[in-house]
Amino acid sequence: MSSFDISSVKGDLNRGQVSWEAPSNIALVKYWGKKGLQLPMNSSLSLSLSSSKTKTTLSWKKKPEGEGLSFDLLFEGKKKVQFQKKISTFLKRIEEKIPSLKDYHLQFDSENTFPHSVGIASSASSMASLALCLGSFAAYSGVETFLGDAFYEQVSSMARLGSGSACRSIYGGWASWGPYQLDEREKGSDFYATPFTKIDPLFEEMSDFILIVDSSPKKVSSTEGHALMEGHPFAEGRILQAENNMNKLVDSILKGKWDIFQRVVENEALSLHSLMMSSNNPYILMHPRSLAVIEKIKEMRAKTGVNCCFTLDAGPNIHLLCPRSENAKVKRFIESDLRDLLENERWIEDSVGALGPKPLEC
Ligand code: DP6
């Protein structure tokens, strides 16, 4: 990917601004479990979305020497105390990558393009947009590692330190993170994600219908869930399963094999939830209606042969994926068979966003 264009920065090093929007992503092979400092236990592969995004503006102001880094975080114009700790930890983790940050007061203004409280995770798009702004500040202030073609790799590595899944939201389309090697040239890394571009036309234009089953706040956060993989009785098996699923999934995407794609995607979704259920502190994040939706999808598919499959994040909502050519049929099915199972009869129609993040006018 090409480097970042510094001309989108407004102001100067004393007082300036930069804005980015970054997409949310849905993992098909799931990152579940960590080691070291936000490194994944296994490889993962995701799709970046085109409509579900976070926009962030970073404003910086130079401070008198020795005062140390300070920041404010505004979400949709209001201070968000509950994100304060997460951002503070994130900034401490990245300070050594951008040493001059300690001389600044930073303000982050963020907003999501998707509706409030529908239970869609926004940490990936939020942290990715924050990291893109900070990476731009670093490039603008001349930090060498952020200059030139390494920009996106460096930003992905930084986003990872805010939220693991955010490192994949630095790219449009498909991205992989972790040791899995996409081909002889592109060796996978635990530190940053890599775009995956060798896609069969069948998978180039995909739709993602996000079916809102339950929007209540999660009882167990993803971060707590990852921690339960430490000493999990199936941890070793999970690592093997994920690498094996990466092989099968990448092969199906390269060759346009829908049946294999569908089987692996659904195996991953249900495995993620079964790892939660079989952890030492077991919990269930699916809702009875999530199961009812899954059953209906399977029934419809068996009857009609429509190419579609489901996946879930660490929550009760269902992502129903299909090639764009099946859109009309899937939409009719949601309206006739699934609508009543959804909270406030609500779903969001999204699709794979090939373009990925972009800098915005401040
Ligand atoms: C189930 O990236 O939200 O969505 O690194 O602790 O911030 P932290 O966790 P997070 O975990 C995402 C888990 C997942 C699977 C995935 O996106 O790969």
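Residue positions are given per chain, counting from 1 as you read along its sequence in written order. Totals for whole chains, interfaces and linings use all residues, but because this is a predicted model, local features are given only for residues with pLDDT of at least 70 and pairs of side-chain atoms are given and counted only at 80 or more. Processing note: side-chain calculations cover all non-hydrogen atoms of the structure and skip hydrogens and water entirely.

### Topic: the overall build of the chain
Spelled out, the test is: Per the convention used, a helix needs a DSSP run of H or I reaching at least four residues, while a strand needs a run of E reaching at least two, with both numbered from the N terminus. Throughout this description, buried means an accessible area under 20% of the type-specific maximum (1.4 Å probe, protein chains only), exposed means over 50%, and partly exposed covers the range between. By definition in these notes, contact holds between two residues if any of their heavy atoms fall within 4.5 Å. Accessibility throughout is a Shrake-Rupley quantity obtained with a 1.4 Å probe, and a residue counts as covered only by protein chains that appear here. Counted charges follow a simple rule, with Lys and Arg positive, Asp and Glu negative, and His plus the chain ends left uncounted. Think of each charge as sitting on NZ of Lys, CZ of Arg, CG of Asp or CD of Glu.
Looking only at helices and strands, one finds 8 helices and 15 strands in the chain. Taken along the three principal axes of its C-alpha coordinates, the chain extends 70 × 45 × 40 Å. Burial analysis of the chain (362 residues in total) assigns 53% to the buried set. Looking at the chain alone, contacts between residues at least 24 apart form 75% of all its contacts between residues at least 6 apart. Per element, the accessible surface of the chain, about 15900 Å² overall, is 51% carbon and sulfur. The centroid of the 43 positive side-chain charges in the chain is displaced by 3 Å from the centroid of its 44 negative side-chain charges.

### Notes on the site of the ligand
Put simply, the rule reads: To be near a molecule or strand, a residue needs just one of its heavy atoms within 4 Å of it. Pairs of N or O atoms within 3.5 Å make up the polar contacts considered here, provided that, within protein, one atom can donate a hydrogen while the other can accept it, and that residues adjacent in sequence are counted only when both atoms are side-chain atoms. Polar here means any residue other than Ala, Val, Leu, Ile, Met, Phe, Trp, Tyr, Cys and Pro, which are nonpolar, and Asp, Glu, Lys and Arg, which are charged; Gly is therefore polar.
Close to the ligand lie 18 residues; Y31, K34, S163, G164 and S165 are nearest. A distance of 2.7 Å is found between an oxygen atom of the ligand and a side-chain nitrogen or oxygen belonging to K34. Interatomic distance of 2.8 Å between a side-chain N/O atom of T223 and an oxygen atom of the ligand. Sort the elements by how many residues they give to the shell around the ligand and helix α4 (residues 222–227) lands first, with 3 residues. Residues of the shell around the ligand, tallied by class, amount to 5 nonpolar, 8 polar and 5 charged.

### Description of the pairing of strand β2 (residues 15–29)
For the record, the criterion: A pair of strands is labelled paired if DSSP reports no fewer than 2 bridges between them.
Most of β2 sits out of view: 13 of its 15 residues are buried. Hairpin remark: strand β1 (residues 10–11) followed by β2, antiparallel, with 3 residues in the connecting loop. Pairing between β2 and strand β5 (residues 44–62): 13 bridges, direction antiparallel. Bridging from a neighbouring strand, R15 pairs with K61 of β5.

### Let's talk about the sheet that holds strand β13 (residues 318–323)
To be explicit about the condition: Between the N-to-C directions of two axes lies an angle of 0 to 180 degrees, each axis being a line fitted to C-alpha atoms and, for a helix, fitted only over the stretch in contact.
With respect to topology, 4 strands assemble into an open sheet ordered β12-β13-β11-β14, the strand pairing being antiparallel. Edge positions in the sheet fall to β12 (309–312) and β14 (347–351), since each has one partner strand and no second. Averaged over all pairs of adjacent strands, the angle between strand axes in this sheet comes to 25 degrees, irrespective of strand direction. Where strand β11 (residues 206–211) and β13 come together, 6 bridges link them in antiparallel fashion. The partner of L211 across the bridge, within β13, is I318.

### Section: the packing of aromatic side chains
This is how it is decided: A pair of Phe, Tyr and Trp rings is counted when the ring centres sit within 6.5 Å of each other, with Trp represented by its six-membered ring. The angle between the planes then sorts it: under 30 degrees is stacked, over 60 is edge-to-face, the rest tilted.
For the structure shown, the criterion picks out 12 aromatic pairs. With a centroid separation of 6.3 Å and 70 degrees between ring planes, the pair formed by W174 and F261 is classed as edge-to-face. One end of the pair, W174, is in strand β9 (residues 174–177); the other, F261, is in helix α6 (residues 258–277), and 87 residues separate them in sequence. One exposure class covers both W174 and F261, and it is buried.

### Some remarks on unusual backbone geometry
Unusually for a residue other than glycine, E76 sits at a positive phi of about 50 degrees. Along the chain, E76 turns up in the loop between β6 (70–75) and β7 (78–79). A positive phi angle, near 50 degrees, is found at E345, a position not held by glycine. Tracing the sequence through the fold places E345 in the loop between α8 (327–338) and β14.

### Considering helix α7 (residues 288–304)
We apply this condition: In a helix, the anticipated span is given by 1.5 Å times the number of residues less one. Arc definition: directions from the helix axis to the C-beta atoms.
Taking 1.5 Å per residue as the helical rise, α7 with its 17 residues ought to reach 24 Å, and the 25 Å between its terminal C-alpha atoms agrees with that figure. Of all the residues in α7, the buried ones are S290, V293, I294, I297, M300 and R301. For α7, the angular spread of the buried residues around the axis is 130 degrees, confining them to a single face. For α7, the exposed residues lying more than 90 degrees away from the buried face are P288, A302 and K303. Residues of α7 that are buried make contact with β11, α6, β12, β13 and α8. Once α7 ends, the next one or two residues include G305, with phi positive near 75 degrees.

### Comments concerning the environment of M300
Turning to its location among the elements, M300 is positioned in helix α7. In this structure, the C-alpha to C-alpha distance between M300 and P99, residues 201 residues apart in sequence, is 56 Å. Apart from the residues lying within four places of it in its own chain, the contact partners of M300 are G305, V306, C308 and F333.

### Observations regarding the packing of α7 against α8
Heads up, the condition is: In these notes the angle categories are as follows: under 35 degrees is roughly parallel, over 145 is roughly antiparallel, 65 to 115 is roughly perpendicular, and the rest is oblique. Take the far helix as the reference: if the near one is turned anticlockwise from it by less than a right angle, the crossing is left-handed, and if turned clockwise, right-handed.
In contact at an axis separation of 11 Å, α7 and α8 are set at 125 degrees when each is read in the N-to-C sense. Between α7 and α8, the interaxial angle falls into the category oblique. Between α7 and α8 the crossing geometry is right-handed. Where α7 approaches α8, its residues V293, K296, I297 and M300 are matched on the opposing element by F333, D337 and L338.

### Notes on the side chain of S165
Looking at where S165 falls in the secondary structure, it is placed in the loop between α3 (151–162) and β9. What makes S165 buried here is its relative accessible area of 17%. Sequence-distant contacts of S165, defined by excluding residues within four places in its chain, comprise N25, Y31, A124 and W177.

Purely geometric numbers; function is a separate question.
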